[in-house]
Each structure stands twice: as structure tokens, then as C-alpha cells.
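# Observations on the model geometry
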Amino acid sequence: LAKTTQPISMDSYEGQEVNITCSHNNIATNDYITWYQQFPSQGPRFIIQGYKTKVTNEVASLFIPADRKSSTLSLPRVSLSDTAVYYCLVGYNNNDMRFGAGTRLTVKP
Amino acid sequence: GAGVSQSPSNKVTEKGKDVELRCDPISGHTALYWYRQRLGQGLEFLIYFQGNSAPDKSGLPSDRFSAERTGESVSTLTIQRTQQEDSAVYLCASSLAPTQETQYFGPGTRLLVL
């Protein structure tokens, strides 16, 4: 199982861009990189998934360098409602992906 | 459409009692997952179903934990002889297929063992 490492917590202010980096040095060739968001008292929610280079959707961007040993989730112009825990997962089969402790993002006014 | 539902939303039980937690996945989703989340911690994988079979039970913490799925739909997680350390939120998720597809999570069942 590919192991991921991400910061335990981050603080930001409204309107700023937030970048959360995840390290996954032993990522396998078939593995995808998936990010989930979890608000208090709710189950996680899918944000974005990628394999290489850059992926963008209406919520976030995901940057993956050529060696794929890390990835960066970018949240543009965060608001207070983006305060949540963000999980980086790596794997091909969903049951092989592991939710670690995640990164607790706090957005301040 | 309807999302993943779980029942009960909250359960308080006494140590030593058995509990059953239910998950109704999204219709048509062949894969179903159970996780446990202790307060302030990440999700701990428990078990995965593909159809009615459980090819991965690696996360079940002890033989007091078991799960089944019937009709490629509803799943039940059973905890026998509950202990205080079983207190947690139990989350269920389903996905269209077991690889790469988005997992959709239910709201969870908050279990408190006194």
C-alpha cells in the first residue's frame, strides 16, 4: 500500500490560494492520486483525482510532477467554508487506498 | 438521486452488548466499504465488498467484528460484545466500481459504548 505524508495542519485567510502538498514516494505505476474533503460530522467528499501533470475542476487543481512522488492540491481563493480536513490517497483499487490523518485546514477571516 | 444512507445515526450501548449498523449504498454501486473514525483521527479501513463477497477483510480489528452484504445492496456491520474502545463513528461508502471510482460516503453512525 502506497503511504502518503501530508502536513497535519495549515492556516490561511479568506481570499488566499492554499496549496497542500502530499508526499508518496512509493507510488506504483497504476496508482492514481485522489483527494477528499471532510467537514465536521460528515463523511468525506471527493474533490479531485489525477494521474499525472495537472487536473483542474470547478473546485480545485491538482499538480503532479513527472516523477509522481508528490502532488499538490491547490484551492483558489479560499473562504471560511473551506475549513475542513483534506485527505490525500494513493492507489488503484479503492480498498487499497488509505485515509491517513489528513491536513486540517483552518481558514480565518 | 438518493445518496448513501446509514442507520441508526446515533447508538448508545452498554459494554458487552451486540450492535448492528446498517448501510444502504447508492443503487447500482457494486463496491461497498466500511470505515471507522475515532474522534479527531483519520479513517480506518475495515472491510470492502464487491457484490456480496468480501475480498478484503484485512481491516477488521478483531473477531468481534463481522459484516455481510445481501442482494448486492444493503450491508450490516455487527460488533459483538462491544468494548469502550469501539466507540467511534462508523462510515460506509459505495462506488460504482472498485477501482478509481469516486467513493460516496454516508453520514455515519456515531457509536458510544458506555
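Calculation criteria
Residues numbered from 1 in each chain as written. Chains lettered and ligands numbered in written order. Predicted model: local features only at pLDDT ≥ 70, side-chain atom pairs only at ≥ 80, totals over all residues. Heavy atoms only, no water. Helix = DSSP H or I, 4+ residues; strand = E, 2+ residues; numbered from the N terminus. Buried < 20%, exposed > 50% of the residue type's maximum accessible area, 1.4 Å probe, protein only. Pairing = 2+ DSSP bridges. Axes fitted to C-alpha atoms, helices over the stretch in contact; angles between N-to-C directions. Contact = heavy atoms within 4.5 Å. Buried area = accessible area lost by both parts, 1.4 Å probe. Salt bridge = Lys/Arg side-chain N within 4 Å of Asp/Glu carboxyl O. Polar contact = N/O pair within 3.5 Å; in protein donor to acceptor, adjacent residues only side chain to side chain. Nonpolar A, V, L, I, M, F, W, Y, C, P; charged D, E, K, R; others polar. Patch = residues over 30% accessible without salt bridge, like charges linked within 9 Å, V, L, I, M, F, W, Y side chains within 5 Å. Areas by Shrake-Rupley, 256 points an atom, 1.4 Å probe, with all protein chains shown as cover. Disulfide = S-S within 2.5 Å.

### A closer look at unusual backbone geometry
A cis geometry characterises the amide bond from Ser7(B) onward to Pro8(B), with omega recorded as -10°. Non-glycine residue Thr53(A) carries a positive phi angle of around 55°. Relative to the elements of secondary structure, Thr53(A) occurs in strand S5 (residues 53-56). With a phi close to 60°, Arg68(A) is a non-glycine residue in the positive phi region. Structurally, the position occupied by Arg68(A) is in the loop between strand S6 (61-64) and strand S7 (70-75). Take Arg68(A): its relative accessible area is 8%, and that puts it in the buried class.

### Description of the sheet that holds strand S3 (residues 32-38) of chain A
Residues and elements named next belong to chain A. Taking strand neighbours across the sheet as the criterion, the five strands line up as S1-S9-S8-S3-S4 in an open arrangement whose pairing is mixed. Among the strands making up the open sheet, the edge pair consists of strand S1 (9-13) and strand S4 (45-50). Recorded for the sheet is a direction-independent mean angle of 25° between the axes of neighbouring strands. Examined bridge by bridge, S3 and strand S8 (residues 84-91) share seven bridges and lie antiparallel to one another. The residue of S8 that forms the bridge with isoleucine 33 is valine 90.

### Let's talk about the interface of chain A and chain B
Between chain A and chain B, the residue contacts involve 18 residues of the former and 24 residues of the latter. When the two sides are added together, the surface that chain A and chain B hide from each other amounts to roughly 1,700 Å², 47% of it contributed by carbon and sulfur. Together, Asn94(A), Asn95(A) and Phe99(A) form the three largest contributors to the area buried by chain A at its contact with chain B, with a combined 36%. One can count zero salt bridges joining chain A with chain B. Joining chain A to chain B, the criterion identifies eight residue pairs in polar contact (both at pLDDT 80 or more). Elements with a contribution of two residues or more to the side of chain A that touches chain B: S3 and S4 of chain A. Examining the composition of the side of chain A that touches chain B, we find that three residues originate from one element, S3(A), more than from any other. Residue classes in the side of chain A that touches chain B are distributed as eight nonpolar, eight polar and two charged.

### Notes on a nonpolar patch on the surface
Residues and elements named next belong to chain B. There is a patch of nonpolar side chains on the surface, built from Val12, Leu112 and Leu114 and spanning about 280 Å² of accessible area. Relative to the helices and strands, leucine 112 resides in strand S11 (residues 109-113). On the basis of relative accessibility, which here comes to 41%, the residue leucine 112 falls in the partly exposed class.

### Some words on the state of the cysteines
All names here are of chain B. One pass over the full model with this rule turns up two disulfides over all chains. Residue cysteine 23 pairs covalently with cysteine 92 via a disulfide, S to S 1.8 Å. Measuring handedness by torsion sign, the sulfur bridge of cysteine 23 and cysteine 92 sits at about -65° and is left-handed. Placement of cysteine 23 in strand S3 (residues 19-24) and of cysteine 92 in strand S9 (residues 88-95) is noted, with a sequence separation of 69 residues between them. Summarising the burial analysis for this pair, cysteine 23 and cysteine 92 share the class buried.

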